[in-house]
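The primary structure of each chain is shown beneath.
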Amino acid sequence: MLDIRLLRHHPERARERLASRGGGDEAKLDRILELDARRRALITESEQLQAQRKRASKEIGALMAQKKLEEAERRKAETRAIGDRIDALRKELLQVEEGFEELVAALPNLPHESVPIGPDASANAVVRERGRKPEFAFQPRTHLELCERLGLVDFTRGAKLAGSGFLLYTGRGARLERALIQFLIDLHTREHDYTEVSPPYMVSRECMFGVGQFPKFEDQAYAVQEGLDGSTLGKLYLIPTAEAPVANIHRGEILKESELPRCYAAYSPCFRAEAGAAGVGTRGMIRVHQFDKVELIRIATPETGYEELEKLTGHAERVLQLLGLPYRVVLLCTGDLGFASAKTYDIEVWAPGQGQYLEVSSCSNCEDFQARRMELRYKDASGRNRFPHVLNGSGTALARLFVALLECGQQPDGSVLLPEPLRPYYGEDRIAAE
RNA sequence: GGAAGGGUGGCUGAGCGGUUGAAGGCGCCUGACUCGAAAUCAGGUGUAGGCGCAAGCCUACCGAGGGUUCGAAUCCCUCCCCUUCCGCCA
């Protein structure tokens, strides 16, 4: 949620920044400002009347105490009229506020100045590339072939169980997945500064609103229904990312500045309906309805928000460095930026079987956009309550990491050599060909 | 799921229709006393919104939402959460 004061005092800046996203949201500004003015006028008027009524009520109380009942009755009748007027104003205020809030909540975050301006992914900037792409003396196989030959994932039966887009990891594939989760959590909690948390995999709509997932992307979420009657449908949602529960851990709280930054690492499965994405790149495990991910969250002061973003991105990169996977870091342009984010780095890993980079992490500073939505604040040194910056990044998504590990580590004999740091977790140095 | 009891400020705990944003205590901050500290004494100590250059003024908030009333922390209704007991259950 954007700060209404910012919109009020610097509408031109807001208009320009919103326009840079290319979503046309700047067109809503005039209406928002109009509703804001009306809203404040209504508040002022009704509060003046309330003050008047409050005074009158006290006087009536005094009259009653003095047994001046007749006069008290007369005053009651007068005061009732004030009450009626207040009710009418409040009713209008409620309506105005509803429309106002709906519009403000629908505005995306303002891109940071350092974000390149552009309409879509083609304007993203590659910030750095690391690692050497492996060269093969043979035709590298795709992860699909490797999974099949090594018996790591049963795509057919996965689809039988829940439809296309659901995976059944089997045998050594399931073990590798589990090893990766363990490896990632250990990395972020031991070498980095994260506290491990294990959140609910369903959250309330308040949480979904808090991170900016709702209302805009409601069609991308799986809604859960409890029991037979349907009365609970829409109360809980399967999380599309652990960001949804974890960023909300402190919703509605006032943290102490000395407690910042708060850093959490969480493993969770992620559920995404991917409505409208059917048919496009849906084969294999690159785009699925359920995948595992380790998510990193940092809650920091606004002063340190952007340092924290670099740090967070570095933590996610460390994963790929340790696993010896070639990757690049991409700075998203204004048009490609997520709804809640002010600045995002995507980390893409090289997948030789695909001949392309796959996004395995997205590290964002949402500034105070989410904090506002979830009423998360902190008390600064001078005792003032402020909204902190909330950052999130994948550290990292697993299905695609799995793909890159297989495709990069494949050997001429069809086995897959695992990177050194992963071996203790997996228990062997390779996935041998059968 | 059933029954009972609860949800009041940073904590504890009164209030049960009127001048209560909320007694008392604890904590915290400032000052006095002290060489210093403790103890003691005095004062202060919530959040949000509106108006105002500011000082400040006003409004709302006692789990959430509605209702009754001139007036609600106090009365009524609905919902949520917590505790205990019972049931069910991984």
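Described below are features of the structure shown in this document. All values reported here derive from a predicted model rather than from experimental measurement.

Looking at the overall build of chain A
Here is step 1 of the chain: When helices and strands are tallied, chain A shows 13 helices and 16 strands.
Here is step 2 of the chain: Here chain A, with 434 residues, has 49% of them falling under the buried criterion.
Here is step 3 of the chain: A total of about 20800 Å² of accessible surface is found on chain A, and carbon and sulfur atoms cover 49% of it.

Quick look at the environment of Leu-63
Here is step 1 of the chain: Inspection of the secondary structure puts Leu-63 in helix 3 (residues 29-65).
Here is step 2 of the chain: Separated by 185 residues in sequence, Leu-63 and Asn-248 have C-alpha atoms that sit 51 Å apart.
Here is step 3 of the chain: Here Leu-63 is in contact with Lys-68, Glu-71, Ala-72 and Arg-75, once residues within four sequence places are set aside.

Digging into the packing of aromatic side chains
Here is step 1 of the chain: Under the defined criterion, the tally for this structure stands at seven aromatic pairs.
Here is step 2 of the chain: For the ring pair Phe-136 and Phe-138, a centre distance of 5.3 Å and an interplane angle of 65° mean the geometry is edge-to-face.
Here is step 3 of the chain: Between Phe-214 and Tyr-237, the aromatic rings sit 4.8 Å apart at their centres with planes inclined by 85°, giving edge-to-face as the arrangement. Of this pair, Phe-214 sits in the loop between helix 8 (205-210) and strand 4 (223-224) while Tyr-237 sits in strand 5 (residues 236-238), and the two are 23 residues apart along the sequence. Like Phe-214, the residue Tyr-237 is buried in the burial classification.
Here is step 4 of the chain: Each member of the aromatic cluster is reached from another via a ring pair, and the members are Phe-217, Phe-339 and Phe-369.
Here is step 5 of the chain: Taking the ring centre of Tyr-426 as reference, the NZ or CZ of Arg-175 above it sits at 4.2 Å.
Here is step 6 of the chain: Taking the ring centre of Phe-209 as reference, the NZ or CZ of Arg-373 above it sits at 4.2 Å.

Cut-offs and rules
- Residues numbered from 1 in each chain as written.
- Chains lettered and ligands numbered in written order.
- Predicted model: local features only at pLDDT ≥ 70, side-chain atom pairs only at ≥ 80, totals over all residues.
- Heavy atoms only, no water.
- Helix = DSSP H or I, 4+ residues; strand = E, 2+ residues; numbered from the N terminus.
- Buried < 20%, exposed > 50% of the residue type's maximum accessible area, 1.4 Å probe, protein only.
- Areas by Shrake-Rupley, 256 points an atom, 1.4 Å probe, with all protein chains shown as cover.
- Contact = heavy atoms within 4.5 Å.
- Phe/Tyr/Trp six-rings, centres within 6.5 Å; stacked < 30°, edge-to-face > 60°.
- Lys NZ or Arg CZ within 6 Å of the ring centre and 35° of its normal.

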